[in-house]
Amino acid sequence: MRPLAESRAAAQRLIKALPWPLPNNEARRADAVLAGLRASGLLDNNARGSSPAVAAAARDGLTSLAHLLDEAAPGHGAGRLLLLLLAEREAFTPHPVPDEHQIRARDAAAALLHLALWHTDDPFRLLAASMRVHAEEAHNHNSSGRA
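Here's what I pulled together on the structure shown here. (Residues numbered from 1 in each chain as written. Predicted model: local features only at pLDDT ≥ 70, side-chain atom pairs only at ≥ 80, totals over all residues. Heavy atoms only, no water.)

**Let's talk about the pattern of salt bridges**
Inspection of every chain in the model, using the stated rule, returns four salt bridges. With its nearest N and O atoms 3.1 Å apart, the salt bridge here joins Arg-106 to Glu-88. Of this pair, Arg-106 sits in helix α5 (residues 100-119) while Glu-88 is found in helix α4 (residues 77-90), placing the two residues 18 residues apart along the sequence. Judged by relative accessible area, Arg-106 falls into the buried class, the value being 12%. Taking the relative accessible area as the measure of exposure, Glu-88 reaches 45% and is therefore partly exposed. Close ionic contact of Arg-89 with Glu-90 constitutes a salt bridge, the shortest N to O distance being 3.5 Å. Several salt bridges share partner residues, and in doing so they unite Glu-88, Arg-106 and Asp-107 into one network. (Salt bridge = Lys/Arg side-chain N within 4 Å of Asp/Glu carboxyl O. Helix = DSSP H or I, 4+ residues; strand = E, 2+ residues; numbered from the N terminus. Buried < 20%, exposed > 50% of the residue type's maximum accessible area, 1.4 Å probe, protein only.)

And the structure:
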């Protein structure tokens, strides 16, 4: 379990490392997201694209993005991330309207889920696991009395 500050920093590094827009070509997109995971420190450089390692890194990336969104609305980062992903998929504008920071977090999460299609049988399960880890880490952090 990583400290929340470290997790948020990893999310920020991931967002900065991903090219915007992402390549349209599937293989190039996957390579760009893998490079972003490596640059963020979420994926070990020695992993060489193994599916279990990539799936774990994608889960950790989604968890980190939820922690990052918690900064603006403590306790609501996971819900906000899910809302932003669903709003993008269903083409509606959530309330409140997301700022650029939230849009970048959403785009990074969508890129991780897209990559997960190549490395897991069920990206939805991966997303659910990341939300569970987020809840556990946030609870443990709050129970310990740390800021």
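Let us keep going from here.
**Regarding the nonpolar core**
Ranked by internal contacts, the top residues of the largest apolar core, which has 38 residues, are Leu-14, Val-33, Leu-37, Leu-65, Leu-81 and Leu-112. Listing elements by their share of this core, those giving two or more residues are α1 (4-17), α2 (26-40), α3 (51-70), α4, α5 and α6 (123-144). Element by element, the count of residues in this core is highest for α3, at nine residues. In this structure, Leu-65 is in contact with Ala-11, Leu-14, Ile-15, Leu-81, Ala-105, Ala-108, Ala-109 and Leu-112, ignoring residues within four places of it in sequence. (Core = buried A, V, L, I, M, F, W, Y, C linked by side-chain atoms within 4.5 Å. Contact = heavy atoms within 4.5 Å.)

**As for α3**
The terminal C-alpha atoms of α3, which comprises 20 residues, lie 29 Å apart, in line with the 28 Å expected from a rise of 1.5 Å per residue. For α3, the buried fraction is high: 14 of the 20 residues fall into the buried class. (Expected span 1.5 Å × (residues − 1).)

**Remarks on the side chain of His-119**
Looking at where His-119 falls in the secondary structure, it is placed in helix α5. For His-119, a relative accessible area of 18% gives the class buried. At 3.0 Å, the side chain of His-119 and the side chain of Ser-51 are in polar contact. (Polar contact = N/O pair within 3.5 Å; in protein donor to acceptor, adjacent residues only side chain to side chain.)

**Things to note about the environment of Pro-3**
With respect to the helices and strands, Pro-3 occurs in the segment before α1. Put simply, Pro-3 and Glu-137 are 134 residues apart on the chain and 8.2 Å apart in space, counted from C-alpha to C-alpha.

**Regarding α5**
Under the 1.5 Å per step criterion, the end-to-end length of α5 is 29 Å for 20 residues, consistent within 8% with the ideal 28 Å. Turning to α5, its buried residues number three or more, namely Gln-102, Ala-105, Arg-106, Ala-108, Ala-109, Ala-111, Leu-112, Leu-113, Leu-115, Ala-116 and His-119. By the N-cap criterion, in which a side-chain oxygen at the helix start approaches the backbone nitrogen of a residue two or three places on, α5 is capped by Asp-99, the distance to His-101 being 3.2 Å.

**Things to note about the environment of Gln-12**
With respect to the helices, strands and loops of the structure, Gln-12 is situated in helix α1. Of the residues examined, Gln-12 reaches a relative accessible area of 36% and is grouped as partly exposed. In this structure the C-alpha to C-alpha distance between Gln-12 and His-76, which are 64 residues apart in sequence, comes to 18 Å. If we ignore the near neighbours within four places in the chain, the residues touching Gln-12 are Leu-68 and Glu-71.

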